[in-house]
Amino acid sequence: MKKLFFSLSLVIGLANSAVAQTFTIADIIVDGYQRISPGIIYNLLPVGIGDEVNALTPAEIIRSLSASEYFDEIEVAREGNILIITVLERPSVAEIAITGNSVLETEDIIENMAGAGIAEGQIFTRAALEAIQQGIQDVYSSRGRYGAAVEVEVEELPRNRVAISLDINEGEESRIRHINIVGNQAFEEEELLGLLELGTKPWYLFLSRKDRYSREQFSGDLERLESFYLDNGYVEFNIDSTPISITPDRKEVYITINISEGEQYVVSEVDLAGDLVDAEGLLRASIFVRPGQIYSQGLVTGTEEIMVQRLGNLGYAFAEATGVPEVNEEDQTVEVTFFIEPGNRTYVNRINFDGNLSTADDVLRREMRQLESAPASSAQIEQSKIRLERLGYFETVEVETEEVPGTEDQIDVNYSVAEQNFGAVSFQIGTGGGGDFFISSNLQAQNFLGTGRTIGIGVNKSRFQKGLNFRYVDPFYTLDGVSRGFNIFAQEIDSPFNVSNFNTSSYGGTVSFSYPLSEIQVLGFDLGYSHTELSAGLGSVQEIVSSPTLFQGIDKYVISSPNANPFDGPVVDSVLGNVNDLNDFQLQRNLESGFVDRNGDTFDNFTITGNWSRFTLNRGQLANDGSLHQIGVEVTLPGSDLEYARVSYSNQMYWPLTQNRDWVLALSANIGYGFGYGDSKEIPFFNHFFAGGLISGGGRVRGFDENSLGPQSTPGARYLTERGISLAKDEDGNIIRNLDGTANLSNEVGYQTVPVLDANGDPVLDANGNQQIQLAVQNFFLDEDYDSFGGNILTTASLELLFPLPFIDDTSRVRSAFFIDAGNVFSSNCTERQRLLKNCSDFDFKELRYAAGVSITYLSPFGPLTFYLAQPFGKDGDDTKQFDFTVGTGF
């Protein structure tokens, strides 16, 4: 229609204004424009003032202006020597409205429309809009939504504008009903279908999207099928056609894959060609393909990659290696020749960093294994990238190389990093054994002010603990990577969380050094000093202070009580016995001494600790590949009040199950053992291992209360005074003592009858067969709560399956996992009383505790935030916790 109008305009112009006669343009007048400036129109014209016009010129003008697609109508006329051009502009797009879409984002549709020339403020062309309409339907079809439809409405607005409305009906995803492979002879169809991501969905995978057709996934499946055949020697394999049938309701898809397998080929010869740059031996050692093997395209590709990598390590950053198979159809063999194009040997001009807004360049540069002005090495460039990732300062690290303009043998290496929070705030909130609330906090900056140094400050204040500690680590104390750090602390502890009752006051510090043995191994040494004072009073458990004991001044026990009230019976005096006449059994005395009884209550200890670690994790936080192994040995030095040693081992190991590391199998374990030597029979109880909960260090066993697993203490005991008179105490709960320091109480203790037992613990009977009894003083436990006492043997382990969360793309900041935890704490120094009460045992697999559940960790601005929900599998009496969270402690 437009072309017809142009033709009519041309004819009218020729007839009425005699344009057909040749003339020279004296002036050009453009009329009808609104938004398009006259200057743009003049630039589009093929003629100008002073040019000569002939019979063909009007057609040339109309073609030039119509090619711009700015105008719906164009008219050329003449008045004397003046050329008059009248135009009618196409409307502009005032607004675009899109409704009904959820699979495709509105922003993506708008962006694609703009790429096709349809955008707000742009000139409207219906042809472009129709192409966009068809393009949107094609995108939905490629995603298996064959029933999708796009309705387009164009509304004319004042001032030559239009409003475009797209109403999208996305339809339902078409499901694959059947996939049929035709032409396979060497392999069963079931085996080939197992290679495909798409297919019919088994009934038990009700959440799977395996049967949802996608053109992109189908193309990937065809590539996998082709690679499978090529890797098995079928070099002539071909996919002939892939017809797809859709049911009339567009809900089901039938796919047929027609293939030609060809014959299986064997490698007859392997050779090298091209410029081998004096590295023939190295290149031949890189060849995976061997004569006599069934031909495999995967081995050829792997050889190419290894060759390029090794040439890159020699400085040939742009080397190419191409394996070319020459097929011999007669004997069904393949000769493979690898052609080497090393290019120029390249040197690094500059190493640049981008994205480190807080971290100083020097912190990144000291991690570089590739040096400037040195030959470029692919291995060193990659190793430098890995070292940056392991710092734990960055979410992502990317590296690219680019040629220096004007040179053929120089490159720049550009590292792009995205910083993440490198500080952590740790909170611990809970209740102690008596239900008392406590809170503690620690602040640690691993990259303090961007210097790469670690500074940690801990402040704890509650009814149970008062403490202050300061930690400092410089990872590059020397240029060759020797680190130095120190830690100082002072604290007072009163009944830690879920731990047996004791009070300590301590202060001290450590100085540490570590030496890199290799890129992945570090050897460290710590020298430490601590001064510890124990306060063991009436409430101390019997493993710390043996009880019950007689207070000074108690020398009698009551056989029968006095009665001064005649209404209660005969008036009599009390009948007393001498305590000195009672044996240990009658006194119910605990013959096992406590820790303080054996070692005193004040200790100055000097320790040396050696530790070794091997670190191949891919990231400093929330790693999902590699491993970490750590061994530590702590020994007190001569001159210490206590002589003991502790040995520990811990690990973290990750095995990716998918190429993009979305699904990862993880295993971690912690083992510890402590023992006394010299004059000490055991490690001090305040250095015991503990297990249970989320933040117990190496003793993590989720599903149980913090520190609650393992051996338990025996509550302290005292003798019962006559007439129920207990110890006199002041308003603060302190025992009132006499001038000589003895307790203010009655000098008489009550008695009870107890059975006489033989050496085997069996009752002794008299001649009449009755059980013999004897007198014994009365005592009772001060506390019926059996708290955790820890032990000198620790064993815990966790097996986790890391999985991706829906709608979370950045797995470097969020981790979700199914887990199974197992472990406990044991003691090889259980007391007889603990054994009798069955609350302590040496290592025993039967005593391990288990829990299964799910956890989520998020790298928040305050540090790692971890939640878990667990089902514990313990025994009666275990303190369990099915839900917990912590801020500042990751795993």
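Residues numbered from 1 in each chain as written. Predicted model: local features only at pLDDT ≥ 70, side-chain atom pairs only at ≥ 80, totals over all residues. Heavy atoms only, no water.

Our focus in this paragraph is the pattern of salt bridges. What the rule picks out here adds up to 27 salt bridges. For the salt bridge of Arg 284 with Glu 280, the shortest nitrogen-to-oxygen distance reads 3.0 Å. Placement of the pair is Arg 284 and Glu 280 together in helix α8 (residues 280–284), with a separation of four residues, close to one helical turn. Given the relative accessible area of 35%, Arg 284 is considered partly exposed. The exposure class assigned to Glu 280 is partly exposed, which follows from its relative accessible area of 37%. Close ionic contact of Arg 598 with Glu 682 constitutes a salt bridge, the shortest N to O distance being 2.2 Å. One end of the pair, Arg 598, is in helix α12 (residues 595–599); the other, Glu 682, is in the loop between β31 (664–676) and β32 (717–719), with 84 residues separating them in the sequence. When salt bridges that share partners are traced, they join Glu 173, Arg 175, Asp 211 and Arg 212 into one network. (Salt bridge = Lys/Arg side-chain N within 4 Å of Asp/Glu carboxyl O. Helix = DSSP H or I, 4+ residues; strand = E, 2+ residues; numbered from the N terminus. Buried < 20%, exposed > 50% of the residue type's maximum accessible area, 1.4 Å probe, protein only.)

Quick look at the sheet that holds strand β8 (residues 161–169) now. What the three strands build is an open sheet, ordered β6-β8-β7; its pairing is mixed. Strands at the two margins of the open sheet, each flanked by one partner only, are β6 (92–99) and β7 (149–157). Pairs of neighbouring strands in the sheet enclose a mean axial angle of 15 degrees, with direction left out of account. Relative to β8, β6 is paired through seven bridges, and the arrangement is parallel. Of the residues in β8, the one forming a bridge with Thr 99 is Asp 167. (Pairing = 2+ DSSP bridges. Axes fitted to C-alpha atoms, helices over the stretch in contact; angles between N-to-C directions.)

Spatially, the three strands line up as an open sheet ordered β2-β5-β4, and their pairing is mixed. Only two strands of the sheet have a single partner each, and these edge strands are β2 (27–31) and β4 (71–79). When strand polarity is set aside, the average angle formed by the axes of neighbouring strands in this sheet is 20 degrees. By the bridge criterion, five bridges tie β2 to strand β5 (residues 82–89) in an arrangement that is parallel.

Turning to the state of the cysteines, a few remarks are in order. Throughout the structure, instances matching the rule amount to one disulfide. With its sulfur 1.9 Å from that of its partner, Cys 830 forms a disulfide with Cys 840. On the sign convention where negative is left-handed, the bridge of Cys 830 and Cys 840, at about -75 degrees about the S-S bond, is left-handed. One end of the pair, Cys 830, is in the loop between β38 (814–826) and α13 (832–836); the other, Cys 840, is in the loop between α13 and β39 (849–860), with 10 residues separating them in the sequence. Accessibility classification places Cys 830 together with Cys 840 in one group, the buried group. (Disulfide = S-S within 2.5 Å.)

Attention now goes to the side chain of Arg 700. Assignment of secondary structure puts Arg 700 in the loop between β31 and β32. Buried and unpaired, Arg 700 has no salt bridge, with Glu 800 as the nearest side chain of opposite charge at 4.3 Å. A polar contact is formed between the side chain of Arg 700 and the side chain of Ser 798, at a distance of 3.1 Å. (Lys, Arg positive; Asp, Glu negative; His and termini not counted. Polar contact = N/O pair within 3.5 Å; in protein donor to acceptor, adjacent residues only side chain to side chain.)

Attention now goes to unusual backbone geometry. A negative phi angle characterises most non-glycine residues, just as the trans form characterises most peptide bonds. Even without being glycine, Asn 160 reaches a positive phi, approximately 55 degrees. As for its position among the elements, Asn 160 is in the loop between β7 and β8. On the basis of relative accessible area, Asn 160 is assigned to the partly exposed category, the value being 25%. In this model, Val 277 sits at a positive phi of 45 degrees, which is unusual for a non-glycine residue.

Take the nonpolar core next. Within the largest apolar cluster, 21 residues are counted, with the highest numbers of intra-cluster contacts made by Met 307 and Phe 338. Those elements giving two or more residues to this core turn out to be β13 (266–274), α9 (297–313) and β15 (333–341). In terms of residue count, β15 provides more of this core than any other element does, four residues in total. Not counting residues up to four positions away in its chain, the partners in contact with Phe 338 are Val 270, Asp 271, Leu 272, Ala 273, Ile 287, Val 289, Val 300, Thr 303, Glu 304, Met 307, Thr 322 and Gly 323. Counting residues in hydrophobic clusters, the runner-up holds 20 residues, among them Ile 176, Phe 187, Leu 196 and Leu 198. (Core = buried A, V, L, I, M, F, W, Y, C linked by side-chain atoms within 4.5 Å. Contact = heavy atoms within 4.5 Å.)

Now for helix α7 (residues 215–231). Between its first and last C-alpha atoms α7 spans 24 Å; for 17 residues at 1.5 Å apiece the expected length is 24 Å, and the two agree. Those residues of α7 lying buried are Phe 218, Gly 220, Asp 221, Leu 222, Leu 225, Phe 228, Tyr 229 and Leu 230. If you follow the buried residues of α7, they end up packed against α6 (189–193), β10 (238–241), β11 (244–246), β12 (252–260) and α9. A positive phi of about 90 degrees marks Gly 233, the residue just after α7. (Expected span 1.5 Å × (residues − 1).)

Such coordinate-based values are descriptive only and should not be taken to indicate function.
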